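Descriptive analysis of the structure
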Number of protein chains: 2
Amino acid sequence: MVTLTASYEELTESSAVALAIRLGLIQESSHLTCTEIGDGNLNYVFHIYDHKQEKGLIIKQALPYAKVVGESWPLTLDRARIESAALIKQSEYAPHLVPAVYYSDTALAVTAMEDLSHLEIVRKGLIAGKQYPHLSDHVGEFLGKTLFYTSDFATNPKIKKQFVKQFTNPDLCDITEKLVFTDPFFDSETNDFEEELRESAEALWKDLELQAKAAELKRIFLTSAETLVHGDLHTGSIFANETETKIIDPEFAFYGPFGFDIGHFIANLFLNALSRENEHEQQHLFDHVVNVWATFKEVFTKAWKEDSIEAFSVSDSFLETTFDRILKEATGFAGCELVRRTIGLAHAADLDAIPSPTRRIQQKKAALTLGKTFIKQYHTVETASDLVALFQPSVKE
Amino acid sequence: MVTLTASYEELTESSAVALAIRLGLIQESSHLTCTEIGDGNLNYVFHIYDHKQEKGLIIKQALPYAKVVGESWPLTLDRARIESAALIKQSEYAPHLVPAVYYSDTALAVTAMEDLSHLEIVRKGLIAGKQYPHLSDHVGEFLGKTLFYTSDFATNPKIKKQFVKQFTNPDLCDITEKLVFTDPFFDSETNDFEEELRESAEALWKDLELQAKAAELKRIFLTSAETLVHGDLHTGSIFANETETKIIDPEFAFYGPFGFDIGHFIANLFLNALSRENEHEQQHLFDHVVNVWATFKEVFTKAWKEDSIEAFSVSDSFLETTFDRILKEATGFAGCELVRRTIGLAHAADLDAIPSPTRRIQQKKAALTLGKTFIKQYHTVETASDLVALFQPSVKE
């Protein structure tokens, strides 16, 4: 039986229930079930449900290794601390857009949180052809609020420096630095792609202009401690239905650049658009791209006007420059995400699930082209519509 | 008598000697003298000298308040830890350019270090009309080595993140954020200038273009955790003679932007040039501006080619982009330093010491003009000679 002062041990379905009862999060009853529902490769996710009270609960536990490759890839348990601290911080500013945290325990690397099983993972829903009309409203609001308020614009710079320390996340940043910003741009062992893409991949590895731009983007990721970013905001980190959205899994959270999450979200919208048959089916994804940026700007501007503690916030020109820079960097980050989801280690299911092999390769080539275009042209983008405008020529190339 | 496990107490000349003897740094003798030689307002600096052995020693102790205004301005003792840790880190890469640290004690906020009394403070020497022919060679080498090797280019990003935490310096960064990057750009209480400069100061406070650029530079200072910067590299932080140079006082050290120290050093060369009567006397200062950048680039490039751990360092274009960005940011930081040393709280003695009141005001106006020019045009500067080229029109305006 797991105690509250236990040293780390892997939970089982029964010890997870015991823990939840001990913590008073759920009542002992013959109507309880517990199922491990984690489909990631890094964590256990126990869904505990009281069928009589119709009340659920999630117990998430970080594993000390990457499950998919056995115990051979050790991974810090500290990410559980980061995740629960990030969820709590984000809930200060956008409580309706993240799961509520009931309990966290750094020794067990456990976070007990709100059951969101009435929602579905957006990536899965989008692959199944569903639409989430409020997705970009909610993600834009989440980003506008959490990114503004945890930055030097709203958190006293002395306090913010303590948060930078608290959210120092070397091991998970290392994964991003390697798998997103380095390996896909070189002939690296971790890369994984169909043989039909080899020619495109090799062309990419020889593209010196692309490498110089990717290097700049990696530098920004490594050094720009602007705000508490989610760090892994793809469509697999979002639960939603028609009316509700919850952003989950911030275990990659750290103080990083404003544009990082926006870029990743947008890239994953484009990845899904690439899996669609025609422009008509793609349109609502393009609308989300434009709307997430518009909503982010609107929410961020309101916060800037009302709550900025930065003396220079009187300058409208400074606000414009800030948005211009964020959009440009987001575009570059989106480009890196498109490239790495195509030829890197972790793929996007959206593209892998395209049934026709010919079309799958064709669309993956288009993803690479779009990614390269975003990276090379990130300095020139001025509106979110510019990103959509770059989509069609990439697909038709 | 001060013990090694003491809690904080202010040293006196006799307890400083007792500490040095206890630490075995100097031998008890009737030939010892101890003089407090600190001319700053934040620390005691005890110079202990054995006249028989002809051997000296410095014991520096941080005070818990700013001495100049009594005990009314509290200041963290943690800066003694930062200073000694920074000196030790810098000495890994440029031992001949920093004072050797013999001992440090965070409880007493004390650092025992090499006696440099055979050298003189560069600002004082320059004001007295002296030249230091190797000054820019040495400062360029110091910056090229320390800035390169403590960055992600040479320190594993996981380890570097630990250094970012170790060198988190909220209180001293706060001073820079306020006194360099904020207050001089607004009608703030801390500003201090002659009434004859009011018109120029008020024009500056209304200059919206200038404010937007200063805001960007402050943002870079606040967020860009690139490398271990000295943080206060003006000519008062450098000891030198004709052949030797030592960079002292890194209590403002933190992980900041590559261009910060270079900008401050260059600004202080220009401040001294403004105190000179004619171009002939200014020339060697301009030569130092061009040469410190050239030397920095040369040393940094050699380190990049030999020791970079960054995969993208194969890209020469990335190196060029990096230098281009560093010089631009350095120019902007130099502009902020010129402005704040003229109308902010802490002045440059170079300008304050100009004997003729008319000429003093004239040269301070020129400093403001040069500072404004650097800030507004920092995005356009391409070579260090461009900075020198901006000097003459500013002076003649």
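Residues numbered from 1 in each chain as written. Chains lettered and ligands numbered in written order. Predicted model: local features only at pLDDT ≥ 70, side-chain atom pairs only at ≥ 80, totals over all residues. Heavy atoms only, no water.

Under an unreviewed UniProt entry, the name given to chain A is Methylthioribose kinase, and the source organism is Bacillus safensis. Per UniProt, chain A carries the Pathway (unreviewed entry) text "Amino-acid biosynthesis; L-methionine biosynthesis via salvage pathway; S-methyl-5-thio-alpha-D-ribose 1-phosphate from S-methyl-5'-thioadenosine (hydrolase route): step 2/2." If you open the UniProt record of chain A and go to Subunit (unreviewed entry), you find "Homodimer." (UniProt positions renumbered as here; feature names shortened; annotations may be inferred.)

Scanning chain A from terminus to terminus reveals 14 helices and 10 strands. Referenced to the eigenvectors of the C-alpha coordinate spread, the extents of chain A come out at roughly 60 × 55 × 40 Å. For chain A, with 397 residues in total, the buried portion stands at 62%. Counted over contacts in chain A with a minimum sequence separation of 6, partners at least 24 positions apart contribute 71%. (Helix = DSSP H or I, 4+ residues; strand = E, 2+ residues; numbered from the N terminus. Buried < 20%, exposed > 50% of the residue type's maximum accessible area, 1.4 Å probe, protein only. Contact = heavy atoms within 4.5 Å.)

This part covers the interface of chain A and chain B. Between chain A and chain B, the contact holds 38 residues from the first and 38 residues from the second. Together, the buried faces of chain A and chain B total about 3300 Å²; carbon and sulfur atoms form 66% of this surface. The largest contributions to the chain A side of the interface with chain B come from Lys161, Arg219 and Phe312 of chain A, which together make up 20% of the buried area. Between Lys218 of chain B and Glu310 of chain A there is a salt bridge whose closest N-O contact spans 3.0 Å. Where chain A touches chain B, the interface holds 12 residue pairs in polar contact (both at pLDDT 80 or more). Among the secondary structure elements, those contributing two or more residues to the side of chain A that touches chain B are helix H5 (157-166), helix H6 (170-179), helix H8 (208-223) and helix H11 (316-343) of chain A. (Buried area = accessible area lost by both parts, 1.4 Å probe. Salt bridge = Lys/Arg side-chain N within 4 Å of Asp/Glu carboxyl O. Polar contact = N/O pair within 3.5 Å; in protein donor to acceptor, adjacent residues only side chain to side chain.)

For the rest of this paragraph, the subject is the sheet that holds strand E3 (residues 55-62) of chain B. All names here are of chain B. A sheet is described by the order of its strands in space; here five strands give the open sequence E1-E2-E3-E5-E4, paired in antiparallel fashion. At either margin of the open sheet sits one strand with a lone partner, and together these are strand E1 (32-36) and strand E4 (101-105). Averaged over all neighbouring strand pairs, the angle between strand axes comes to 15 degrees, with direction disregarded. Bridge analysis of E3 against strand E5 (residues 110-113) gives four bridges, and the strand direction is antiparallel. Paired with Gln61 across the strands is Val110, a residue of E5. Its contacts with the sheet put helix H1 (residues 13-22) on E1, strand E2 (43-50), E3 and E5, and the angle it makes with E1 is roughly 125 degrees. On top of the sheet, helix H2 (residues 78-93) reaches E2, E3, E4 and E5; it is set at about 30 degrees to E5, its chief contact. (Pairing = 2+ DSSP bridges. Axes fitted to C-alpha atoms, helices over the stretch in contact; angles between N-to-C directions.)

Evaluation of the coordinates by the stated rule reveals 60 aromatic pairs over all chains. One aromatic cluster is present, built from ring pairs that chain together Tyr93, Phe148, Tyr149, Phe153, Phe258, Trp293, Phe296, Phe300, Trp304, Phe318 and Phe323 of chain A. (Phe/Tyr/Trp six-rings, centres within 6.5 Å; stacked < 30°, edge-to-face > 60°.)

Residues and elements named next belong to chain A. Looking at the assigned domains, one finds that chain A contains domain 1 (11-112) and domain 2 (118-393). Once you take the C-alpha centre of each, domain 1 and domain 2 turn out to be 26 Å apart. Counting residues at the interface gives 23 residues for domain 1 and 26 residues for domain 2. Roughly 2200 Å² is buried in total at the junction of domain 1 and domain 2, and carbon and sulfur atoms are behind 67% of that figure. Among the residues domain 1 hides against domain 2, the three largest losses belong to Ile82, Tyr93 and Leu97. Together they make up 29% of the total. If you look at where domain 1 meets domain 2, you find two salt bridges. (Domains from an automatic or database assignment.)

On to the relation of the copies chain A and chain B. Mapping chain A onto chain B calls for a rotation angle of 180 degrees and an axial translation of 0.0 Å; the resulting RMSD is 0.0 Å. Within this description, the copies of the chain are treated as partners about a two-fold rotation axis. Residues of chain A ranked by C-alpha distance from the rotation axis are headed by Ser224 of chain A, positioned 2.4 Å from it. A shared interface surface links the copies, since 100% of the contact residues of chain A are contact residues in chain B too. (Least-squares fit on C-alpha atoms with pLDDT ≥ 70 in both.)

Turning next to H1 of chain B. Residues and elements named next belong to chain B. All buried positions along H1 are accounted for by Ser15, Ala16, Val17, Leu19 and Ala20. In this structure, the buried residues of H1 make contact with E1, E2, E3 and E5. Just downstream of H1 lies Gly24, where phi reads positive at about 75 degrees.

Attention now goes to the sheet that holds strand E6 (residues 120-121) of chain A. Strand order in this open sheet of three strands is E6-E8-E9 (chain A), and the pairing throughout is antiparallel. The open sheet has two free edges, formed respectively by E6 and strand E9 (245-247) of chain A, since each of these has just one partner strand.

Attention now goes to the UniProt feature "binding site: substrate" (unreviewed entry) in chain A. Residue and element names in this part refer to chain A. Mapped onto this numbering, the UniProt entry gives "binding site: substrate" (unreviewed entry) at Asp232 and Arg340. For the annotated residues, spread through 109 residues, the largest C-alpha to C-alpha distance comes to 13.2 Å, consistent with a single compact locus. By secondary structure assignment, the location of Asp232 is in the loop between strand E7 (227-229) and strand E8 (238-240). A relative accessible area of 15% means that Asp232 is categorised as buried. Discounting chain neighbours no more than four positions away, the residues touching Asp232 are Ser237, Phe252, Asp261, Arg340 and Arg341. Relative to the helices and strands, Arg340 is located in helix H11. By relative accessible area, Arg340 is classed as buried at 7%. Setting aside anything within four residues of it in sequence, one finds Arg340 in contact with Leu179, Val180, Pro184, Asp232, Leu345 and Ala346.

To continue, consider helix H10 (residues 279-307) of chain A. Compared with the 42 Å implied by 1.5 Å per residue over 29 residues, the 41 Å span of H10 of chain A between its first and last C-alpha is a close match. The opening residue of H10 of chain A, the one whose side-chain oxygen lies 3.1 Å from the backbone nitrogen of His280 of chain A, is Asn278 of chain A. (Expected span 1.5 Å × (residues − 1).)

This paragraph deals with empty space enclosed by the protein. Overall, the coordinates contain six cavities of 30 Å³ or more when judged by the stated rule. Put simply, the largest cavity is a space of about 410 Å³. Val164 and Ala225 of chain A together with Val164, Thr223 and Ala225 of chain B are the residues nearest the centre of the largest cavity, which is lined by 31 residues in total. Those elements that provide at least two residues to the lining of the largest cavity are H5, H6, H8 and strand E10 (254-256) of chain A together with helix H5 (157-166), helix H6 (170-179), helix H8 (208-223) and strand E10 (254-256) of chain B. Its residues assigned to classes, the lining of the largest cavity comprises 16 nonpolar, eight polar and seven charged. Quantified by volume, the second largest cavity comes out at close to 110 Å³. Within the residue set of the lining of the second largest cavity, elements represented by two or more residues are H11 of chain A together with H8 of chain B. Across the lining of the second largest cavity, the residue classes tally to six nonpolar, two polar and six charged. (1 Å grid on protein atoms, 1.4 Å probe; cavity = no way out; pocket = protein on both sides within 12 Å on 5 of 7 lines; lining within 4 Å. Points joined across faces, edges and corners; volume = space filled by probe spheres on them. Nonpolar A, V, L, I, M, F, W, Y, C, P; charged D, E, K, R; others polar.)

With that settled, the discussion passes to the pattern of salt bridges. Side-chain pairs of opposite charge can arise where the charged atoms are in close proximity. In the structure shown here, the tally under the stated rule is 62 salt bridges over all chains. We note a salt bridge from Lys305 of chain A to Asp316 of chain A, for which the minimum N-O separation is 2.8 Å. Of this pair, Lys305 of chain A sits in helix H10 while Asp316 of chain A sits in helix H11; the two residues are 11 residues apart in sequence, bridging distant segments of the chain. By sharing partners, the salt bridges in this structure join Lys158 of chain A together with Asp171, Asp174 and Lys178 of chain B into a single network.

Time to look at the environment of Pro95 of chain B. Here Pro95 of chain B lies in the loop between H2 and E4. On a C-alpha basis, the gap between Pro95 of chain B and Gly259 of chain B in space is 22 Å, while along the polypeptide they are 164 residues apart.

A regular strand places its side chains so that they alternate between the two faces of the sheet. Residues and elements named next belong to chain A. Residue alternation in strand E5 (residues 110-113) divides its side chains into two sets, Val110 and Ala112 and Thr111 and Met113, and both sets are buried. Relative to E5, strand E4 (residues 101-105) runs antiparallel, the two sharing four bridges. Pairing of Asp105 across the sheet is with Val110, part of E5. Adjacent in sequence and paired antiparallel, E4 and E5 are bridged by four residues, among which Ala109 carries a positive phi angle near 60 degrees.

Residue and element names in this part refer to chain A. Remark: H10 packs on helix H14 (residues 384-396), axes separated minimally by 8 Å, with the N-to-C direction vectors making an angle of 150 degrees. As judged from the angle between their axes, H10 and H14 are roughly antiparallel. For the element pair H10 and H14, the recorded crossing hand is right-handed. Taking contact as the criterion, the partners of Glu279, Gln282, Phe286, Val289, Val290 and Trp293 in H10 are, on H14, Ala384, Ser385, Val388, Phe391, Gln392 and Lys396. Along the lines of polarity and charge, the residues of the contact of H10 with H14 split into seven nonpolar, three polar and two charged. (Parallel < 35°, antiparallel > 145°, perpendicular 65-115°, else oblique. Left-handed = near helix turned anticlockwise from the far one by under 90°.)

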